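Inside the fold
Listed below are the residues making up each chain.
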Amino acid sequence: MWFDLTLEAPDGSRHPARYNPHTSEAEGLPLPVEPGTFASVPRVAKDQPLGKSRAPRVLKIQLGLSCNYACSYCSQAFQIADATVSKLADVEHFLTELDGWITEAPEKIELWGGEPFLYWAKIKRLIPALSERFPAAQFLVITNGSLLDSEKLNFIARYDICVGISHDGPGQHLRGPDPLDHPEKSRWIKALLAERPGKTSFNAVLTRDHHDLQALKAWFAEKAGPDVPVGLEGVVNVYDAATAIGTGRFEPAELNSLTWSIFEALVEDPNAFGLGERVNEFYKSITRRRPIEALGQKCGMDREDTIAVDLRGNVMTCQNTGAKGAHKIGHVADFDAIALGTATHFAHRKECMSCPVVQLCKGSCMFLEGDFFAQSCANEFAFNMGIMMAAVWHLTGMVVIGIEGNGSPSS
């Protein structure tokens, strides 16, 4: 599907460009073309379930969904009742059974909550054993940072764990108390940032209430230092009714301001909030002519080599879902029966297949449906349009002021 872009130069003159997100062809954008070879990816659907690989590239271990915070837009809140409650003994059983279903070492092992450090006793047993078994694997923990202390920092260093600290800067009150306001907690967070540069960062979510990236940058510069790394988890998606009428419900003018906030941040700094990687991916997709058939979901959980399990061996749609409800897709003890039938690849969504930013967005959350998906889709479109506009600006020095489709999704 081709889209006609109208670009405006600094002198006010207007220029045409064209872009096809299905074939990654572009006209009027000065990029070299060196077509690559791409394999088509499976397009999961409820009637086209996907199995999982015994050689996972990414292993996500859900410790539980308990948390000491209560984010107003929490993607896990509606799943807490469906999460299993495990015991320390379950860690031993998990480790004992591991060789029965994993045939190759994962590249990355992620530990997830809730708040992972509420499960500190399990982490202390789990990571050393996994590190011994898979010495080349990279560990990752996502935390709100409120439970860090000397013991945990030493452990993080010993096992070379990457840490993402979820924090929304001026919007932190939407998550819970600000650990940076607590002298002791702030001290440990800043120590971790100082001791492990490149392997620790803040990660923020943009919401209706707080999506001004200039304000976000200024807040962290004042509170944590001008060079502190701050990335974006993205824009809020809508998983429940509270978010649908609250922080996830952008009005049209707010969606527009979200787009321009992303664009302006990337014009000022081409790698702002780590988004430079997204811009470069967009360029590479055009240079190599990446077809839409080669695109999986943005989360990667539709890949056979990415698996989310709890400590009892249950396999879930993703780490944010519980294993006692609809999102249980199998068990490692019956590995060949695992079937991801709870998700919908964006290829099965008409709105995605007729979207100019699908190569950037990659379909939002793969298990959302109905109004929740539609609202999340609008938020993701505004977010990714800002990235696309910045990519075009850095190539041409011109601003995208209009975009219009002129064909069907199959054209």
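So, a few notes on the structure that sits alongside this text. Keep in mind the model is a prediction, meaning the values are calculated, not measured. (Residues numbered from 1 in each chain as written. Predicted model: local features only at pLDDT ≥ 70, side-chain atom pairs only at ≥ 80, totals over all residues. Heavy atoms only, no water.)

**Topic: the sheet that holds strand E10 (residues 306–310)**
For clarity, the cut-off: When DSSP locates at least two bridges between a pair of strands, those strands are taken to pair. The secondary structure listing takes helices from DSSP runs of H or I that are at least 4 residues long and strands from runs of E that are at least 2 residues long, numbered from the N terminus. Only the contacting stretch of a helix is used when fitting its axis, a line to C-alpha atoms as for every element, and angles between N-to-C directions run 0 to 180 degrees.
Strands sit in the order E9-E8-E7-E6-E5-E4-E10-E11-E12 across an open sheet of 9 strands; the sheet is mixed. If you trace the sheet from one side to the other, it starts and ends with strand E9 (230–235) and strand E12 (328–331), each paired once. The average undirected angle you get between the axes of adjacent strands in this sheet is 30°. The pairing of E10 with strand E11 (residues 314–316) spans 2 bridges and is antiparallel.

**Brief notes about the packing of aromatic side chains**
Test applied: A pair of aromatic rings is counted whenever rings of Phe, Tyr or Trp (Trp by its six-membered ring) have centres within 6.5 Å, and the orientation is called stacked for planes under 30 degrees apart, edge-to-face for over 60 and tilted otherwise. Exposure classes here rest on a 1.4 Å probe applied to the protein chains alone. A residue is buried below 20% of its type maximum, exposed above 50%, and partly exposed in between.
Summed over all chains, the structure comprises 11 aromatic pairs. Ring geometry for Phe 155 and Tyr 159: centres 4.8 Å apart, planes at 50°, overall tilted. Residue Phe 155 is classed as buried on the basis of its relative accessible area of 6%. Taking the centre distance of 4.8 Å and the plane angle of 35° together, the rings of Phe 202 and Phe 220 count as tilted. With Phe 202 in strand E8 (residues 200–206) and Phe 220 in helix H5 (residues 213–224), this residue pair connects regions lying 18 residues apart in the sequence. Pair check on accessibility: Phe 202 and Phe 220 agree, each one buried.

**Details of the sheet that holds strand E13 (residues 399–405)**
Keep this limit in mind: Any two residues having at least one pair of non-hydrogen atoms within 4.5 Å are treated as being in contact.
Taken together, the 4 strands give an open sheet; going across it, the order is E3-E2-E1-E13, and neighbouring strands pair in antiparallel fashion. On the outer flanks of this sheet lie strand E3 (25–27) and E13, each paired with one strand and no other. Put simply, the sheet's adjacent strands are angled 20° from each other on average, direction ignored. The pairing of strand E1 (residues 3–8) with strand E2 (residues 14–20) spans 6 bridges and is antiparallel. Each bridged residue has a counterpart across the sheet, and for Thr 6 the counterpart in E2 is Pro 16. Against the sheet, helix H11 (residues 370–396) engages E1, E2 and E13, with an angle of about 120° to E13.

**Observations concerning the pattern of salt bridges**
Counted only if it meets this: In what follows, salt bridge is the name for a side-chain nitrogen of Lys or Arg lying within 4 Å of a carboxyl oxygen of Asp or Glu.
Counted under the stated rule, the structure contains 25 salt bridges. A salt bridge links Arg 312 to Asp 90; its shortest N-O distance comes to 3.4 Å. Of this pair, Arg 312 sits in the loop between E10 and E11 while Asp 90 sits in helix H1 (residues 88–98), and the two are 222 residues apart along the sequence. Take Arg 312: its relative accessible area is 36%, and that puts it in the partly exposed class. Taking the shortest distance from any N to any O, the salt bridge between Asp 160 and Arg 196 comes out at 2.6 Å. Note that Asp 160 is positioned in the loop between helix H3 (150–158) and strand E7 (161–166) and Arg 196 in the loop between helix H4 (183–195) and E8, a separation of 36 residues in sequence. In the salt-bridge network here, residues are joined through shared partners; they are Asp 4, Arg 18 and Glu 27.

**What to know about the packing of H3 against H4**
Relative placement of two packed helices is described by the angle separating their axes and the distance separating the axes. Quick reminder of the rule: Any angle between 65 and 115 degrees counts as roughly perpendicular, while under 35 counts as roughly parallel, over 145 as roughly antiparallel, and the rest as oblique. For any pair of crossing helices, the crossing counts as left-handed if the nearer helix is rotated counterclockwise from the farther one by less than a right angle, and right-handed if it is rotated clockwise. Residues are grouped as follows: Ala, Val, Leu, Ile, Met, Phe, Trp, Tyr, Cys and Pro are nonpolar; Asp, Glu, Lys and Arg are charged; all remaining types, including Gly, are polar.
Relative orientation of the contacting elements H3 and H4 amounts to 20°, with a least axis distance of 10 Å. The angle between H3 and H4 falls in the class roughly parallel. In this structure, the crossing between H3 and H4 has a hand that is right-handed. From H3, Ser 150, Leu 153 and Ile 156 reach across to H4, where they touch Trp 188, Ala 191, Leu 192 and Glu 195. Partitioned by chemical class, the residues of the contact of H3 with H4 number 5 nonpolar, 1 polar and 1 charged.

**Considerations on the layout of surface pockets**
For the record, the criterion: Points on a 1 Å grid over protein atoms alone make up a cavity when a 1.4 Å probe fits among them but cannot get out, and a pocket when they form an open set with protein on both sides within 12 Å along at least five of seven lines; lining residues each have an atom within 4 Å of a point. Grid points are joined across faces, edges and corners, and a volume is the space filled by probe spheres set on the points.
As a volume, the second largest pocket reaches approximately 300 Å³. Looking at the second largest pocket, it is lined by 17 residues, and the ones nearest its centre are Lys 217, Val 228, Val 230, Asp 269 and Phe 273. Going through the elements one at a time, H5 and helix H7 (252–268) are the ones with two or more residues in the lining of the second largest pocket. Here the residues of the lining of the second largest pocket sort into 9 nonpolar, 4 polar and 4 charged.

**Concerning the nonpolar core**
So the rule is basically this: Among buried residues, those of type Ala, Val, Leu, Ile, Met, Phe, Trp, Tyr and Cys that are joined through side-chain atoms within 4.5 Å constitute a nonpolar core.
Grouped together as the largest cluster of nonpolar side chains are 118 residues, with contacts concentrated most on Ile 61, Trp 101, Leu 126, Leu 232 and Ile 262. By residue number, the principal contributor to this core is H11, which donates 10 residues. Once you skip the residues sitting within four places of it in the chain, Leu 126 turns out to touch Ile 61, Leu 63, Val 91, Phe 94, Leu 95, Leu 111 and Leu 311.

**Observations regarding the environment of Leu 295**
Summarising the element assignment, Leu 295 is placed in the loop between helix H8 (276–287) and E10. Exposure remark for Leu 295: the relative accessible area of 3% places this residue in the buried category. Contact partners of Leu 295, with chain neighbours within four places excluded, come to Val 41, Arg 290, His 345, Phe 346, Val 358, Gln 359 and Lys 362.

**Quick look at the pairing of E8**
Going by this rule: The path from the first strand over the helix to the second decides the hand: if it runs clockwise while the strands point away from the viewer, the crossover is right-handed.
Of all the 7 residues making up E8, 6 are buried; the element is thus mostly covered by neighbouring parts of the structure. In this sheet, E8 lies alongside E7 in parallel orientation, the contact comprising 4 bridges. Across the sheet, the residue bridging to Val 163 is Thr 200, located in E8. Taking the sense of rotation as the criterion, the β-α-β connection linking E7, H4 and E8 turns out right-handed. Pairing analysis gives 5 bridges linking E8 to E9, with the strands arranged parallel. Looking at the pairing, Phe 202 lines up with Val 230 of E9. Regarding topology, H5 serves as the crossover connection from E8 to the parallel E9, and that connection is right-handed.

**Side note on the environment of Arg 290**
Within the secondary structure, Arg 290 is located in the loop between H8 and E10. With 266 residues separating them along the chain, Arg 290 and Ser 24 place their C-alpha atoms 5.7 Å apart. Discounting chain neighbours no more than four positions away, the residues touching Arg 290 are His 22, Thr 23, Ser 24, Phe 38, Glu 281, Ser 285, Leu 295, Gln 359 and Lys 362.

Worth remembering: the numbers are spatial, not functional.
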